[in-house]
Amino acid sequence: LTMPSSPAMAVVTHSAALCVGAAAMTVLLHRHSSSPPSTTDGSTAAANDDVISQKETKQSIIPNSHSDCFNNMLPTLPIRLSQPNDNLLIAFDTRNRNPTFVMERINNKKHYGGAAITEQEAAPSRKNKRFFEDKAIPEHHRSRNHHYRNSGYDRGHLAPAADFKTDSDVQDSFSLSNISPQLPRFNRTMWLRVEEFVRSVAEHEEKVKGDSSEGVETWVVTGPLWLPSSTVGKDKFQYSYEAIGHPPSLIHVPTHFFKVVVVVSPVANNNSGPTFQLKKFAAFVLPHSESDEKSNRLRLVDCIVRLTDLEAVAGLEFFPALLGYHKDGSGDDIPLLKELIDALTDDVRAHAKNNQLLLQDSNTKLGENGTPMPQGGAGISKRRQKKIKQLLRGDSPPLFQHLCKKNNACFKYL
C-alpha cells in the first residue's frame with residue numbers, strides 16, 4: 001500500500017475511497033434486490049416478516065437524492081407557529097423562549113362565528129384565568145411558569161387579553177408562548193397605555209365605518225427586540241440584557257418591545273381571496289425600562305419609528321402582501337409603499353419635536369408643501385423620489401395616514 005505523499009493528496013485519496021465504498025454498496029444492494037434471497041439448501045426463500053426488503057434497505061442507507069439526504073438530517077427549526085383561534089397567531093422562538101412575534105385581529109365581529117355577541121361575551125373576565133405552558137413545545141424549549149417565580153418580572157402579554165371578545169379567546173392569550181418577561185411598572189403603566197391606545201383605534205374605526213361586513217379591520221403585530229446598549233468603538237456595539245430561569249433553559253429579557261398597527265378596509269376581490277386597502281398605520285418601539293414620573297417621560301409619538309428601520313432590526317417584513325416585498329438584486333429594493341410610509345412617519349416625527357399635531361390634510365402630496373422624503377440612512381435617489389411622487393399623483397392615490405396624525409392621544413405621556 002502506497003501512502004499519500006502530501007496532506008492534500010491524502011484528502012483526495014480518502015475522498016476517492018469514500019466514493020468507491022459508496023458505489024460498491026450501491027452495486028451490492030442492486031445485486032441483492034435483483035434476485036430473491038436463498039435458503040441454505042439453495043431454494044428461494046419465501047417472503048416473511050423477518051426479511052427486510054432490499055428496496056427498503058437501499059432507501060434507508062442511500063437516499064434517492066442529495067435533497068432527501070439533507071431533509072432526513074435537518075434539525076428542527078427554532079420558530080414554532082401556532083394559531084390558537086381565528087384572531088391570534090403566535091410565532092415562538094425556542095432559543096430565547098420569547099415570541100418572535102404575535103399577530104392579532106381586533107374588533108372584527110364577523111370572525112366570531114357571525115352571530116351576535118352578548119354583553120357577557122363582549123366583556124369576558126380575566127377572573128380564574130391562569131398562565132399555562134404550551135405543551136406542543138418540548139419542556140426544555142418552552143417557557144415555563146417556574147422560570148418566572150421570584151424573578152422580579154411580570155408575565156407580560158404581547159397580545160393583551162382585553163383585545164379578545166370571547167372567554168376561550170381570552171384564555172388562549174394566557175399561553176406562555178404569548179408572554180415575555182416585563183418589568184412590573186413597565187407592564188402595568190407604559191405597555192398598558194399602548195395597548196389601550198391600539199384598542200381605542202380599533203373601536204373608533206369600527207364606530208366610524210359601522211359593523212357591516214364592509215367595515216374596517218385592525219391588525220397588530222407585536223414582539224420583543226434585543227438592541228445594543230452601548231457603543232464600544234467604531235462600528236462596534238455592546239449588548240447587555242438579563243435572563244431568567246434555570247440553565248440551560250433560560251428566558252431572555254428583551255431590551256425593547258414593538259407594535260406595528262394597520263387599519264385596513266376590504267376591497268373587491270373577484271373571488272380571488274380577501275384583499276385589503278391600507279387606511280392607517282403606525283410602528284412603535286418602546287424601551288423596556290421602569291418609567292420615572294419625574295424624568296425621561298415618553299409620549300407615544302416619541303416612540304414611533306420608520307417601518308423599514310424596524311424591519312431591519314427585527315428581521316421581519318410586516319404585512320408583505322399589503323405593503324409589498326423587499327426585492328433582492330435591485331438598487332431600490334424597498335417597496336414604494338413602505339418608502340411612502342417612512343416619509344409620512346418622518347413628517348409626524350418632525351412635527352412632534354415642535355409639539356405640533358400635524359393638522360394638514362391627510363392627502364398632502366409627498367414632496368409638496370414641505371412634506372419630507374424619508375430621512376433614514378443616506379436618503380434615496382432622485383429617481384426613487386420621482387417614482388414615489390408618481391405613485392401619489394396617480395388617478396387613485398393611496399388615501400392612508402399615520403395613526404398619530406390629528407390624534408391627541410399620541411401626545412399624552414405614557
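Check the entry above for the structure.
Everything in this summary refers to the structure shown in the same document. Just so we're clear, the structure is a prediction, and the values are computed from it rather than from any experiment.

### What to know about the overall build of the protein chain
Right, on to step 1. Regarding its fold elements, the protein chain presents 11 helices and 13 strands.
Right, on to step 2. Counting the 414 residues in the protein chain, one finds 40% classified as buried.
Right, on to step 3. Here the contacts in the protein chain between residues at least 6 apart in sequence split such that 69% fall between residues at least 24 apart.
Right, on to step 4. Counting every atom, the protein chain has about 24000 Å² of accessible surface; 52% of that belongs to carbon and sulfur.

### Some thoughts on the packing of aromatic side chains
Right, on to step 1. For the structure on display, the rule yields eight aromatic pairs.
Right, on to step 2. On the basis of an interplanar angle of 55 degrees and a centroid distance of 5.0 Å, the ring pair of F131 and F174 is categorised as tilted. With F131 in the loop between helix 4 (119-122) and helix 5 (145-148) and F174 in the loop between helix 6 (167-172) and strand 5 (179-182), this residue pair connects regions lying 43 residues apart in the sequence.
Right, on to step 3. On the accessibility criterion, F174 (2% relative accessible area) is buried.
Right, on to step 4. Members of the aromatic cluster, each reached through a chain of ring pairs, are F186, W191 and F257.

### Describing the packing of helix 8 (residues 307-314) against helix 10 (residues 336-353)
Two numbers describe a pair of packed helices, the interaxial angle and the distance between the axes.
Right, on to step 1. Direction vectors running N to C along helix 8 and helix 10 enclose 110 degrees, while the axes themselves pass 8 Å from each other. Regarding the angle of helix 8 to helix 10, the classification is roughly perpendicular. Residues L307, T308 and E311 of helix 8 touch helix 10, and the partners they reach there are K338, I341 and D342.
Right, on to step 2. Each residue belonging to the contact of helix 8 with helix 10 can be placed in one class, and the counts come to two nonpolar, one polar and three charged.

### What about helix 8?
Right, on to step 1. Within the span of helix 8, buried status applies to L307, T308, L310 and E311. One side of helix 8 holds all its buried residues, which, seen down the axis, span an arc of 160 degrees.
Right, on to step 2. Taken together, the buried residues of helix 8 touch strand 6 (217-225), strand 11 (256-267), strand 12 (275-287), helix 9 (320-323) and helix 10.
Right, on to step 3. Just downstream of helix 8 lies G315, where phi reads positive at about 70 degrees.

### What about the state of the cysteines?
Right, on to step 1. As enumerated under the stated definition, the model contains one disulfide in all.
Right, on to step 2. Between the sulfur atoms of C404 and its disulfide partner C410 the distance amounts to 2.2 Å. With the S-S bond torsion at -80 degrees, the cross-link from C404 to C410 turns out left-handed. Neither residue differs from the other here; C404 and C410 are each classed as buried.

### Section: unusual backbone geometry
Right, on to step 1. Note the cis peptide between P247 and P248, where omega equals 5 degrees.
Right, on to step 2. The phi angle at K406 is positive, at roughly 60 degrees, despite the residue not being glycine.
Right, on to step 3. In this fold, K406 is placed in the segment after strand 13 (401-402).
Right, on to step 4. Given the relative accessible area of 45%, K406 is considered partly exposed.

### Points about the pattern of salt bridges
Right, on to step 1. One pass over the full model with this rule turns up 15 salt bridges.
Right, on to step 2. A salt bridge links D154 to R188; the shortest N-O distance between them is 2.9 Å. Within this pair, whereas D154 is found in strand 4 (residues 154-157), its partner R188 is found in helix 7 (residues 184-209), the two being separated by 34 residues in sequence.
Right, on to step 3. Here R306 makes a salt bridge to D346, at a shortest N to O gap of 3.4 Å. Here R306 is found in the loop between strand 12 and helix 8, whereas its partner D346 is found in helix 10, with 40 residues between them in sequence. Considered together, R306 and D346 belong to a single accessibility category, that of buried residues.
Right, on to step 4. What emerges from the salt-bridge pattern is a single network uniting R306, D309, D342, D346 and R349.

### Topic: the sheet that holds strand 6
Remark on secondary structure: sheet strands pair via backbone hydrogen bonds, oriented parallel or antiparallel.
Right, on to step 1. Pairing is mixed in the open sheet, where seven strands are placed in the order 1-2-3-6-11-12-13. In the strand order of this sheet, the two ends are held by strand 1 (79-85) and strand 13, each with one partner.
Right, on to step 2. Of the pairings in the sheet, the one linking strand 1 to strand 2 (residues 88-93) comprises five bridges and is antiparallel in character. Bridged to R80 within strand 2 is F92.
Right, on to step 3. Here helix 8 sits on the sheet in contact with strand 6, strand 11 and strand 12, set at roughly 125 degrees to strand 11.
Right, on to step 4. Seen against the sheet, helix 10 touches strand 12 and strand 13 and runs at an angle of roughly 50 degrees to strand 12.

Quick notes on the rules
- Each residue is numbered by its place in its chain's sequence as written, counting from 1.
- This being a predicted model, a pLDDT of at least 70 is required before a residue's local features are given, and a value of 80 or more before pairs of side-chain atoms are given or counted; all residues contribute to the totals for chains, interfaces and linings.
- Heavy atoms throughout the structure, all of them, feed into the side-chain values; hydrogens and water do not.
- Helix and strand assignments come from DSSP, with helices taken as H or I runs of at least 4 residues and strands as E runs of at least 2, each series counted from the N terminus.
- Only protein chains enter the accessibility calculation, which uses a 1.4 Å probe; a residue is then buried when its area is under 20% of its type maximum, exposed when over 50%, and partly exposed in between.
- We call two residues in contact whenever any of their non-hydrogen atoms come within 4.5 Å of each other.
- Here the Shrake-Rupley method, with its probe set to 1.4 Å, supplies the accessible areas, and only the displayed protein chains count as covering residues.
- Ring pairs shown here join Phe, Tyr and Trp side chains whose ring centres sit within 6.5 Å, with only the six-membered ring taken for Trp; geometry is labelled stacked below 30 degrees between planes, edge-to-face above 60, and tilted in between.
- Between the N-to-C directions of two axes lies an angle of 0 to 180 degrees, each axis being a line fitted to C-alpha atoms and, for a helix, fitted only over the stretch in contact.
- Here is the rule for angles: anything less than 35 degrees is roughly parallel, anything more than 145 is roughly antiparallel, 65 through 115 is roughly perpendicular, and the remaining ranges are oblique.
- Each residue gets one of three labels, nonpolar for Ala, Val, Leu, Ile, Met, Phe, Trp, Tyr, Cys and Pro, charged for Asp, Glu, Lys and Arg, and polar for the others, Gly among them.
- Picture the helix axis, draw a direction to every C-beta atom, and the arc is the one those directions span.
- Defined by distance alone, a disulfide is two cysteine sulfur atoms within 2.5 Å.
- A side-chain nitrogen of Lys or Arg and a carboxyl oxygen of Asp or Glu constitute a salt bridge if their distance falls within 4 Å.
- Strands were regarded as paired on the criterion that DSSP finds at least two bridges between them.

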